[in-house]
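These are the residues of each chain, in order.
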Amino acid sequence: MRVLVTGAAGFIGSHLVDRLLAEGAEVIGVDDLSSGAPGNLSGARSAGDGAFTFQQANVTTPAMSELIVATKPEVILHLAAQVDVRKSVADPVHDAMVNVIGTLNILKAATESGTRKVTFTSSGGCIYGEPEPSRLPVSEDQVYWPASVPESPYGVSKKVVLEYLRYFELGKGLDYTALALSNVYGPRQEPASEVGLEGQVVAIFSRRMLEGKSCTIYGDGEQTRDFVYVGDVVSAFVASLRQGSGELINIGSGSELSVNELHAKLSELTGNRLEADYSPARPGELRRIVIDPTKAAAVLGWKPSVGLEEGFEQTIESFRSN
Ligand SMILES: NC(=O)c1ccc[n+]([C@@H]2O[C@H](COP(=O)([O-])OP(=O)(O)OC[C@H]3O[C@@H](n4cnc5c(N)ncnc54)[C@H](O)[C@@H]3O)[C@@H](O)[C@H]2O)c1
């Protein structure tokens, strides 16, 4: 199967490329390298049998649509995105340009190239807004509830694309799956800065602890998140090649972990016993979010297989050896 992966040089995208190649797919990787690193694709490049090609391109440009039309991938796994929630608040136009217009560019080209399916990467942490505690873990059918209002332009862009996916399915016959990922962690995750993006807290804490530094917790640390290992997320994308038609599907653990609990667990695994520093909570951060992965089991046959202990150990080990 010929598969085109956007965001291929990024954290999740590069793991996905490696898995697809291992399973015998022909992979066309695309990335503008705005945050992704070419080094993430060194394994893929050395596959050596011509199964992997890479094109540096911006998803918003004609070069992107021309590539799709020229290469006619059977499936497009679309991960490229403006991923920074705070940047989306500062510059919602740029966020929408990449996350909405870039996606539309891909959907339109997909219909022109005879592509069978597009899997879109949505955000389980952002499209549902701040759910009432009684609605946790939040299920996919709540996405259009009146109270499910995203708290950032990033959340809005990851939600409005769902409408375009439905339009292209009904109007143009293009199949889709939208995977709403919770907080993904694992090897190769590169914090954007010392403060980092909220979803990168495992990478930020682990790296600082390994360097013998203390970590900063924003707020009281009792805010909760749903952490899922990158290898499990990759399995969900692979399952979406053939399953999950026309569905929004949560990909998360279904379990809540507070930032204080995360800090304690990573502290134990790294052996760094320094107390955390506490700073005022950052505006716009959710208090509690955990997504319900029941539908993923029913529709994709997907369940997270890597527990937190094992996933954190593998992540720390990879950071240690780098
Ligand atoms: N990491 C998480 O916890 C998480 C959670 C929910 C959803 N997601 C989504 O998963 C996807 C992958 O995220 P990630 O964590 O691997 O981030 P990442 O920043 O490592 O990967 C994104 C990739 O997209 C590329 N890119 C950005 N703008 C582009 C453009 N205009 N044209 C082409 N390429 C472009 C970047 O260079 C980067 O390689 C994104 O769509 C993100 O919104 C991630």
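Check the entry above for the structure.
Reading guide: rules and limits
Residues numbered from 1 in each chain as written. Predicted model: local features only at pLDDT ≥ 70, side-chain atom pairs only at ≥ 80, totals over all residues. Heavy atoms only, no water. Helix = DSSP H or I, 4+ residues; strand = E, 2+ residues; numbered from the N terminus. Rg over C-alpha atoms; globule rule 2.2 N^0.38 Å. Buried < 20%, exposed > 50% of the residue type's maximum accessible area, 1.4 Å probe, protein only. Contact = heavy atoms within 4.5 Å. Axes fitted to C-alpha atoms, helices over the stretch in contact; angles between N-to-C directions. Parallel < 35°, antiparallel > 145°, perpendicular 65-115°, else oblique. Left-handed = near helix turned anticlockwise from the far one by under 90°. Nonpolar A, V, L, I, M, F, W, Y, C, P; charged D, E, K, R; others polar. Phe/Tyr/Trp six-rings, centres within 6.5 Å; stacked < 30°, edge-to-face > 60°. Lys NZ or Arg CZ within 6 Å of the ring centre and 35° of its normal. Pairing = 2+ DSSP bridges. Near = heavy atom within 4 Å. Polar contact = N/O pair within 3.5 Å; in protein donor to acceptor, adjacent residues only side chain to side chain. Areas by Shrake-Rupley, 256 points an atom, 1.4 Å probe, with all protein chains shown as cover. Core = buried A, V, L, I, M, F, W, Y, C linked by side-chain atoms within 4.5 Å. Right-handed = clockwise from strand over helix to strand, strands pointing away. Arc of directions from axis to C-beta.

Trainee: How would you sum up the overall build of the protein? Please name residues and give values.
Mentor: Helix and strand content of the protein: eleven helices and 13 strands. Taking 322 residues into account, the globule formula puts the C-alpha radius of gyration at 20 Å, and the protein, at 19 Å, falls close to it. Once the C-alpha set of the protein is aligned to its principal axes, its extents read approximately 55 × 50 × 40 Å. Every one of the 322 residues in the protein was classed for burial, and the buried ones make up 55%. Counted over contacts in the protein with a minimum sequence separation of 6, partners at least 24 positions apart contribute 81%.

Trainee: I'd like a description of the packing of helix α9 (residues 259-270) against helix α11 (residues 308-321), backed by residues and values.
Mentor: Between α9 and α11, the shortest axis-to-axis distance is 10 Å and the interhelical angle comes to 55°. With respect to their mutual orientation, α9 and α11 come out oblique. For the crossing formed where α9 meets α11, the hand is right-handed. Residues Leu262, Lys265, Leu266, Glu268, Leu269 and Thr270 of α9 form the contact with α11, whose own contacting residues are Glu309, Phe312, Glu313, Ile316 and Arg320. Across the contact of α9 with α11, the residue classes tally to five nonpolar, one polar and five charged.

Trainee: Which residues make up the packing of aromatic side chains, and what values do they have?
Mentor: All told, the structure shown has three aromatic pairs when counted by the stated rule. Where Tyr167 meets Phe168, the ring centres are 5.2 Å apart and the plane angle is 85°; that geometry is what we call edge-to-face. By relative accessible area, Tyr167 is classed as partly exposed at 46%. Between the aromatic rings of Tyr185 and Phe312, the centroid separation amounts to 5.0 Å while the plane-to-plane angle is 55°, which identifies the pairing as tilted. On the criterion of sequence distance, the pair formed by Tyr185 in strand β7 (residues 183-185) and Phe312 in helix α11 is long-range, its members being 127 residues apart. Judged on exposure class, the residue Tyr185 and its partner Phe312 are both buried. Ring pairing ties together the aromatic residues Tyr185, Tyr229 and Phe312, which thus form one cluster. Over the ring of Phe319 we find Arg207; its NZ or CZ atom is 3.9 Å from the centre of that ring. Lying over the aromatic face of Tyr218, Arg282 brings its terminal NZ or CZ to 4.0 Å of the ring centre.

Trainee: Any details on the pairing of strand β4 (residues 75-78)? Residues and values, ideally.
Mentor: The alternating pattern of β4 places Val75 and Leu77 on one face and Ile76 and His78 on the opposite face, and all of these are buried. Across four bridges, the pairing between β4 and strand β5 (residues 117-123) is parallel. By the bridge assignment for β5, Val75 is matched with Lys117.

Trainee: Give a description of the site of the ligand that names residues and reports values.
Mentor: The ligand sits among 27 residues. The nearest are Phe11, Asp31, Leu79, Tyr154 and Val184. A distance of 2.5 Å is found between an oxygen atom of the ligand and a side-chain nitrogen or oxygen belonging to Asp31. When the ligand sits alone it has 820 Å² of accessible area, and the protein chains cover 91% of it. Those elements giving two or more residues to the shell around the ligand turn out to be α1 (11-22), β5, α6 (153-172) and β7. Here the residues of the shell around the ligand are counted per class, giving 14 nonpolar, ten polar and three charged.

Trainee: Let's hear about the nonpolar core: which residues, and what values?
Mentor: Nonpolar side chains in soluble globular proteins generally cluster together in the buried interior. Ranked by internal contacts, the top residues of the largest apolar core, which has 55 residues, are Val5, Leu20, Leu77, Phe205 and Ile251. Examining the composition of this core, we find that seven residues originate from one element, helix α8 (residues 230-240), more than from any other. In this structure, Leu77 is in contact with Val3, Leu4, Val5, Thr6, Leu16, Leu20, Thr119, Phe237, Ser240 and Leu241, ignoring residues within four places of it in sequence.

Trainee: Break down the pairing of β5 for me, with residues and values.
Mentor: Judged by how many residues are buried, β5 sits mostly within the fold: seven of seven residues are covered. Burial along β5 is two-sided: Lys117, Thr119, Thr121 and Ser123 facing one way and Val118, Phe120 and Ser122 facing the other are all buried. Direction of pairing for β5 relative to strand β6 (residues 175-181): parallel, over a ladder of seven bridges. Counterpart to Ser123 in the pairing with β6 is Leu181. With α6 bridging β5 and its parallel neighbour β6, the resulting β-α-β unit is right-handed.

Trainee: Tell me what's going on with the sheet that holds strand β1 (residues 2-6), and back it up with residues and numbers.
Mentor: Taken in spatial order, the seven strands make up an open sheet running β3-β2-β1-β4-β5-β6-β11, and their pairing is parallel. Because the sheet does not close on itself, it has two edges, and the strands there are β3 (52-56) and β11 (247-251). Across the sheet, the mean angle from the axis of one strand to that of its neighbour is 20°, orientation sign disregarded. Pairing of β1 with β4 involves four bridges; the strand directions are parallel.

Trainee: Please provide a residue-by-residue account of helix α3 (residues 62-71), values included.
Mentor: Listing the buried residues of α3 in full gives Met64, Ser65, Leu67, Ile68 and Thr71. Along the long axis of α3, the arc covered by the buried residues comes to 155°, so they all point the same way. Seen from the open side of α3, the exposed residues pointing more than 90 degrees away from its buried face are Pro62, Glu66 and Ala70. In this structure, the buried side of α3 is in contact with β1, β2 (26-31), β3, β4 and α5 (92-113). Of the residues flanking the end of α3, it is Lys72, one or two places downstream, whose phi is positive at about 50°.

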